[in-house]
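Secondary and tertiary structure notes
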Amino acid sequence: MKLHEYEAKNIFKEYGIPTPEGFVISKEELSKIDDIDVKSVVVKAQVFVGGRGKAGGILFADNKEELKEKINELFSKEIKGEKVEKILIEEKLPIKKEYYLGVVIDRNEKKPAIMFSTEGGVDIEEVAKRNPEKIVKYHIEPRKEFLPYSARWILKHAGIPSKEIPVVADVMYKLYKIFKDMDAVLTEINPLVITEDGKVYAADAVLNVDDDAYYRHDYSKFEEFGKKEKLEFAYVELDGDIGVIGNGAGLTLASMDIIKEFGGNPSCFLDIGGGASAEIVKKALKKVLENPKVRGVFINILGGITRCDEVARGIVEILKEHPNVKFAVRMMGTNEEEGRKILEENGIPYETSMEEAARKLMESLA
Ligand code: GDP
Ligand code: MN
């Protein structure tokens, strides 16, 4: 789950990371502006859009009139298709330098990694492509503490002026603490600003937390909580046009492999799990077919606690609604005979060999 910039900054504040003075408003709270003294401010749309600034989501104002204009402008437009529900208004910092600071999970190393670059403000992926040597990456042993001297060491290697090291190291140390305490999967400060008078600020904030850690936290206070669709199966969307449904992660992965083997490209990985009812099979098929790219669906069921007749009942109902999509069903195991009968009565071919099923599906689509 993603936290909005203002939510992330509230947490940064709690941990003592300096953030610009500011407040957040929604459309209903426009009158808040009337009571305040406005100097130079940054007006920031609270949307989850990469390159928000470039997409017109970051504006500036120097007085109250301008601020009202800019707020109206943001509320009345979409930023890359996303509506603006909230706006963060902050004092404009006199920026001297922009650094990048982030903590990510490095899945290859199975460790969190701190990333720092003196080339901040811009898209960090661009820096990684053009000047990878400008990014310092430091892996942390998850069971060990990350101590301030390591933060100073990283910054020394990144080549920032020595008088900045203590303040930036302090932010780095605290940001890793937030990452760990919050069960985050990603946190970023881009830009981490050094002002003309040598102070450090988190001018932007990204904090994405791990949904699977919800039971250890009170994530419900965040805006995005509960907004994500809750599915009763594991679904990962992919780029291709062949839906792949299996029971069990291993069988589903093998099904993707076999589709690839016969020249297809999976549109998803969908594992209905063990013991799925006809109801869940229907929901799973619906989910797969929501994607307009899907031309064919490969269903691969090895009945153990999953009953083939239940699966067949689910398949039959959905198939009727999609005459233009090609289906291949491979089914064997518990209640295979009953399942086979249901499919046959409805004119749906099935196979007991997954190679045969995949080959026939791909042939019918060629
Ligand atoms: P993003 O586009 O979503 O990453 O939005 P940011 O909050 O990072 O803002 C984008 C850019 O706007 C920054 O890299 C800065 O160059 C500029 N910016 C943001 N806040 C300030 C500020 O307080 N003062 C100044 N001078 N520029 C700012
Ligand atoms: Mn940014």
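Residues numbered from 1 in each chain as written. Chains lettered and ligands numbered in written order. Predicted model: local features only at pLDDT ≥ 70, side-chain atom pairs only at ≥ 80, totals over all residues. Heavy atoms only, no water.

Here we take up the site of ligand 1. The immediate surroundings of ligand 1 are formed by 15 residues, with Lys44, Arg52, Gly53, Leu93 and Glu98 found nearest. Within the backbone of Gly53, one N or O atom sits 2.7 Å away from an oxygen atom of ligand 1. Summarising the interface, the protein chains cover 78% of the accessible area of ligand 1, which totals 560 Å² for the free molecule. Assessed atom by atom at 2 Å from the grid points, ligand 1 resides in the largest pocket. Of all the elements in the fold, those that place two or more residues in the shell around ligand 1 are β3 (41–45), β4 (58–61), β8 (95–106) and β11 (184–195). Each of domain 1 (21–91) and domain 2 (95–216) gives at least three residues to the shell around ligand 1. (Near = heavy atom within 4 Å. Polar contact = N/O pair within 3.5 Å; in protein donor to acceptor, adjacent residues only side chain to side chain. Areas by Shrake-Rupley, 256 points an atom, 1.4 Å probe, with all protein chains shown as cover. 1 Å grid on protein atoms, 1.4 Å probe; cavity = no way out; pocket = protein on both sides within 12 Å on 5 of 7 lines; lining within 4 Å. Sits in = over half its atoms within 2 Å of the grid points. Helix = DSSP H or I, 4+ residues; strand = E, 2+ residues; numbered from the N terminus. Domains from an automatic or database assignment.)

On to the domain arrangement of the protein chain. Segmentation of the protein chain into domains returns domain 1 (21–91), domain 2 (95–216) and domain 3 (234–364). When each unit is reduced to the centre of its C-alpha atoms, the spacing between domain 1 and domain 3 is 48 Å.

Going from Asn190 to Pro191, the amide bond is cis rather than trans, its omega being 10°. For Pro191, the position within the fold is in strand β11. The residue Lys80 is not glycine, and still its phi comes out positive at about 45°. Considering the arrangement of structural elements, one finds Lys80 in the loop between β5 (78–79) and β6 (82–83). A residue is classified by how much of its surface remains accessible, and Lys80, at 62% relative accessible area, is exposed. Positive phi, close to 60°, is recorded for Lys110, a residue that is not glycine. If you trace the backbone, Lys110 turns up in the loop between β8 and β9 (111–117). (Buried < 20%, exposed > 50% of the residue type's maximum accessible area, 1.4 Å probe, protein only.)

This next bit is on the side chain of Thr19. Its location among the elements puts Thr19 in the loop between α1 (5–14) and β2 (22–26). Not counting residues up to four positions away in its chain, the partners in contact with Thr19 are Lys9, Phe12, Lys13, Tyr201 and Ala202. (Contact = heavy atoms within 4.5 Å.)

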